[in-house]
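Each chain is listed here by its residues.
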Amino acid sequence: MRELKLLADDAWERRSASALEKFEAPRPAPKSRIEFTLAADIVPRRFDWFWPGYIPRGTLGAIEGDPTTAKTAAMIFVAATISTGDPFPFCQSRRESENVAVLSVEDSIDRAIVPRLNAAGADMKRVYIINPNENTTFPSAAIDLELFIVENQIKFLFVDTLTAVIDSHLDYFKDTDMRRITSPLSRIAERTDCAIFFVRHLTKSAKASAMYAGGGSIGLIGATRITLRLDKHPDDETRRILSVVKSNVGPTPKSLELRLVPDPMTGVFKVEFMGECGSTADDLCAGGAALKTAVQFLRAELAGGEVLASSIEASAKDEGIAKRTLAEAKKMLRVKSRKQGKSWYWSLPDSRMQTGQENEGCKDATSYRRLHPCTLDENTLEIEVFEEGLRV
């Protein structure tokens, strides 16, 4: 009987414990580890600019272009102007001079970068040259880069080129790999109010849209807030066109013309901005070869003076030049239009009128091309005309 009683008591205790468990307070539900902030608690901010429309502060940006288009020279100009606080082209007010940094893997520091900075008039005491090594590849060096920017109060960083500073295990053509680089760089730029711009080369194949013309993953241009592009001017190998491929920080500004001017003191080229240009990045990307042909054609047609516009348009059609391409060439050459009666006449600006014996016998574009054969290579569309010893 005693054993039966013990067994009964034990069974009762187990049933009671099970019943109590059913009436215990419910366990707290797991909480999300996602952090958030109410939009009402965030103070809106405007984008600030070094150069309105072209160089915003505190963002990740890029400059694209083929080799020999002077991408580095253009960015050196930007760095130099920020270091001195001088007004940017077509801007009136000065700014405070600020510290800048250059990370260049491809160019010689003492024979290329520093001479270009001197030619651009940089405040050399505000320019920090980062020595490229195993500690300057990304994203591994992201923490060190942010510390460097904060410690030295850097407000503009130029990286030339991105492909040379990515960790070896990452694939330049994979979107997920490139996001591992651009995401931390974007956060660093925003936290430090430092504009970080990198160089990106174009693909070898022709593209209809400038948005897809850059090499590597499409995620690179997706990550930038602004992307610039440099192209050779179809009419002059010493001039370039700076256009904006993409801008998430404001309306797309007009393209700008600039020229390369040799600096006798340093032996390198510096850039000088000339004015606005009607061509967009897509115009230059999609119709680069066709535009060069149209410019040559139009210049030849107008070499002897004023010509009836309808006659030029008819000749252009016979040559296979599209009407839109002809219009772009007209903008490039700054062709003047004059109406007489019901007819329009076109002529070159006085500075571009070609006279003298070199054009004798050039009654039309065909004869001009016969006397002045095109030196453009059909595959590369590049002409090397730089004086020996001068570097772009």
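Residues numbered from 1 in each chain as written. Predicted model: local features only at pLDDT ≥ 70, side-chain atom pairs only at ≥ 80, totals over all residues. Heavy atoms only, no water.

1. Considerations on helix 5 (residues 175-192)
- The first and last C-alpha atoms of helix 5 sit 25 Å apart over 18 residues, in line with the 26 Å expected at 1.5 Å per residue.
- The inward-facing, buried residues of helix 5 contact strand 3 (60-65), helix 4 (142-152), strand 6 (154-160), strand 7 (195-201) and helix 6 (219-223).
- Asp-193 sits one or two positions beyond helix 5 and adopts a positive phi of about 60°. (Helix = DSSP H or I, 4+ residues; strand = E, 2+ residues; numbered from the N terminus. Expected span 1.5 Å × (residues − 1). Contact = heavy atoms within 4.5 Å.)

2. Thoughts on the pairing of strand 8 (residues 226-233)
- Where burial is concerned, most of strand 8 is hidden: 8 out of the 8 residues are buried.
- Alignment of strand 3 against strand 8, held across 5 bridges, turns out to be parallel. Along strand 8, the bridge assignment pairs Ala-62 with Thr-227.
- Sheet topology note: the strand 8/strand 9 (residues 236-247) ladder contains 8 bridges and is antiparallel. Bridged to Arg-229 within strand 9 is Ser-243.
- The antiparallel pairing of strand 8 with strand 9 creates a hairpin that spans 2 residues between the two strands. (Buried < 20%, exposed > 50% of the residue type's maximum accessible area, 1.4 Å probe, protein only. Pairing = 2+ DSSP bridges.)

3. Describing the nonpolar core
- Grouped together as the largest cluster of nonpolar side chains are 38 residues, with contacts concentrated most on Ile-55, Met-75, Phe-156 and Leu-228.
- Considering every element that reaches this core, the biggest residue donor is helix 2 (residues 71-84), with 9 residues.
- Leu-228 has contacts with Tyr-54, Ile-55, Ala-62, Ile-63, Glu-64, Met-75, Phe-197, Leu-242, Ser-243, Val-244 and Val-245, leaving out every residue within four places of it along the chain.
- Counting residues in hydrophobic clusters, the runner-up holds 28 residues, among them Leu-145, Val-159, Ile-166 and Cys-194. (Core = buried A, V, L, I, M, F, W, Y, C linked by side-chain atoms within 4.5 Å.)

4. A few points about helix 10 (residues 323-332)
- All buried positions along helix 10 are accounted for by Thr-325, Leu-326, Glu-328, Ala-329 and Met-332. With its buried residues spanning 160° around the axis, helix 10 presents them on a single face. Pointing more than 90 degrees away from the buried face of helix 10 are the exposed residues Lys-323 and Arg-324.
- At the exit of helix 10 stands Arg-334, carrying a positive phi of roughly 55°. (Arc of directions from axis to C-beta.)

5. Some details on the packing of aromatic side chains
- Tallying each qualifying case throughout the model produces 9 aromatic pairs.
- Ring geometry for Trp-51 versus Phe-88: centroids 5.0 Å apart, planes at 10°, classification stacked. With Trp-51 in strand 1 (residues 49-51) and Phe-88 in the loop between helix 2 and strand 4 (99-104), this residue pair connects regions lying 37 residues apart in the sequence. Like Trp-51, the residue Phe-88 is buried in the burial classification. (Phe/Tyr/Trp six-rings, centres within 6.5 Å; stacked < 30°, edge-to-face > 60°.)

6. Observations concerning the sheet that holds strand 4
- On the basis of which strands lie adjacent, the open sheet formed by 9 strands has the order 5-4-6-7-3-8-9-10-11 and mixed pairing. Each end of this open sheet is capped by a strand with a single partner; those strands are strand 5 (127-129) and strand 11 (268-277). Recorded for the sheet is a direction-independent mean angle of 25° between the axes of neighbouring strands.
- Pairing of strand 10 (residues 255-263) with strand 11, which is carried by 9 bridges, proceeds in the antiparallel orientation. Each bridged residue has a counterpart across the sheet, and for Val-261 the counterpart in strand 11 is Lys-270. (Axes fitted to C-alpha atoms, helices over the stretch in contact; angles between N-to-C directions.)

7. So, the sheet that holds strand 12 (residues 307-308)
- Here we have 3 strands laid out as an open sheet, ordered 12-14-13, and antiparallel in their pairing. The open sheet has two edge strands with one neighbour each: strand 12 and strand 13 (336-340).

8. Quick look at the confidence of the model for the protein
- For the protein, mean pLDDT is 82; residues scoring 70 or higher make up 81% of the total.
- Confidence over residues 351-392 falls short of pLDDT 50; this stretch has 69 contacts with residues more than four positions distant or in other chains. (pLDDT = per-residue confidence, 0-100.)

9. Some words on the side chain of Lys-71
- Along the chain, Lys-71 falls in helix 2.
- Notably, Lys-71 is buried but unbridged: the nearest opposite-charge side chain belongs to Asp-160, and the N-O separation is 6.9 Å.
- A polar side-chain atom of Lys-71 sits 3.5 Å from the main-chain carbonyl oxygen of Gly-65.
- Excluding residues within four positions of it along the chain, Lys-71 makes contact with Ile-63, Glu-64, Gly-65, Asp-66, Val-199, His-201 and Leu-230. (Lys, Arg positive; Asp, Glu negative; His and termini not counted. Salt bridge = Lys/Arg side-chain N within 4 Å of Asp/Glu carboxyl O. Polar contact = N/O pair within 3.5 Å; in protein donor to acceptor, adjacent residues only side chain to side chain.)

10. Focus: the environment of Met-274
- On the secondary structure map, Met-274 appears in strand 11.
- Classification of Met-274 by relative accessible area gives partly exposed; the value is 36%.
- Taking the C-alpha atoms as reference, Met-274 lies 10.0 Å from Ile-241; in sequence the two are 33 residues apart.
- Not counting chain neighbours up to four residues away, the residues in contact with Met-274 comprise Phe-90, Arg-239, Glu-257, Leu-258 and Arg-259.

11. Details of unusual backbone geometry
- Cis geometry is adopted by the peptide bond preceding Pro-139, which originates at Phe-138 and carries an omega value of 10°.
- For Pro-139, the position within the fold is in the loop between strand 5 and helix 4.
- Residues Asp-160 and Thr-161 are joined by a peptide bond in cis, for which omega reads -5°.
- One can find Thr-161 in the loop between strand 6 and helix 5.

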